[in-house]
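# Per-entry structural report
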Amino acid sequence: MPYDSRSALPDNVKKVLPAHAQDIYQEAFNSAWEQYKEKKDRNGDESREEVSHKVAWSAVKSKYQKGDDDKWHPKK
């Protein structure tokens with residue numbers, strides 16, 4: 001289900017991503033949640049939630065990268 005706030009995000013997101021990246025994740029997840037509500041709009045047998053999480057991580061990875069220090073940093 002969509003996330004109303006950053007604090008509602010899953011722990012595995014909140015614990016590893018900086019605040020701005022969490023905002024990106026939340027916005028992308030919520031958008032994908034709406035976009036892929038119909039099973040016919042998704043590839044394969046993935047659930048709406050699985051697809052939304054994949055889209056959200058992809059959005060984060062377009063702006064951030066995981067550094068050698070295992071922390072996420074904005075891409076230059």
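Relevant structure appears above.
Read on for a plain summary of the structure. (Residues numbered from 1 in each chain as written. Predicted model: local features only at pLDDT ≥ 70, side-chain atom pairs only at ≥ 80, totals over all residues. Heavy atoms only, no water.)

## Here's the deal with the pattern of salt bridges
- What the rule picks out here adds up to 6 salt bridges.
- Two residues, D23 and R6, come together in a salt bridge whose shortest N-O distance is 3.0 Å. Pair noted here: D23 is in helix α2 (residues 19-35) and R6 is in the segment before α1 (11-14), with a separation of 17 residues, a long-range link.
- Overall, the relative accessible area of 31% leaves D23 in the partly exposed class. (Salt bridge = Lys/Arg side-chain N within 4 Å of Asp/Glu carboxyl O. Helix = DSSP H or I, 4+ residues; strand = E, 2+ residues; numbered from the N terminus. Buried < 20%, exposed > 50% of the residue type's maximum accessible area, 1.4 Å probe, protein only.)

## Side note on the packing of aromatic side chains
- Counted under the stated rule, the structure contains 4 aromatic pairs.
- Arranged with centres 4.7 Å apart and planes meeting at 55°, the rings of Y3 and F29 form a pair that is tilted. Pair noted here: Y3 is in the segment before α1 and F29 is in helix α2, with a separation of 26 residues, a long-range link. Considered together, Y3 and F29 belong to a single accessibility category, that of buried residues.
- Their ring planes at 75° and their centres at 5.3 Å tell us that Y25 and W57 sit as a pair that is edge-to-face. Of this pair, Y25 sits in helix α2 while W57 sits in helix α3 (residues 48-63), placing them 32 residues apart in sequence. By the burial criterion, Y25 is buried, and W57 matches it. (Phe/Tyr/Trp six-rings, centres within 6.5 Å; stacked < 30°, edge-to-face > 60°.)

## Considerations on the side chain of S52
- As for its position among the elements, S52 is in helix α3.
- Assessed through its relative accessible area of 0%, S52 is described here as buried.
- Among all residues touching S52, those that are not within four sequence positions of it are F29, A32 and W33. (Contact = heavy atoms within 4.5 Å.)

## Concerning the nonpolar core
- L17, Y25, W57 and V60 are the most contacted members of the largest nonpolar core, which totals 15 residues.
- When residues of this core are traced back to their parent elements, those giving at least two are α2 and α3.
- For this core, the element with the highest residue contribution is α2, accounting for 6 residues.
- If we ignore the near neighbours within four places in the chain, the residues touching L17 are Q22, Y25, W57, V60 and W72. (Core = buried A, V, L, I, M, F, W, Y, C linked by side-chain atoms within 4.5 Å.)

## Quick look at the environment of A28
- Positionally, A28 belongs in helix α2.
- Under the relative-accessibility criterion, A28 is labelled buried at 13%.
- Each C-alpha atom of the pair A28 and A56 lies 4.8 Å from the other, and the pair is 28 residues apart in sequence.
- Excluding anything up to four places from it in sequence, A28 contacts V55, A56 and A59.

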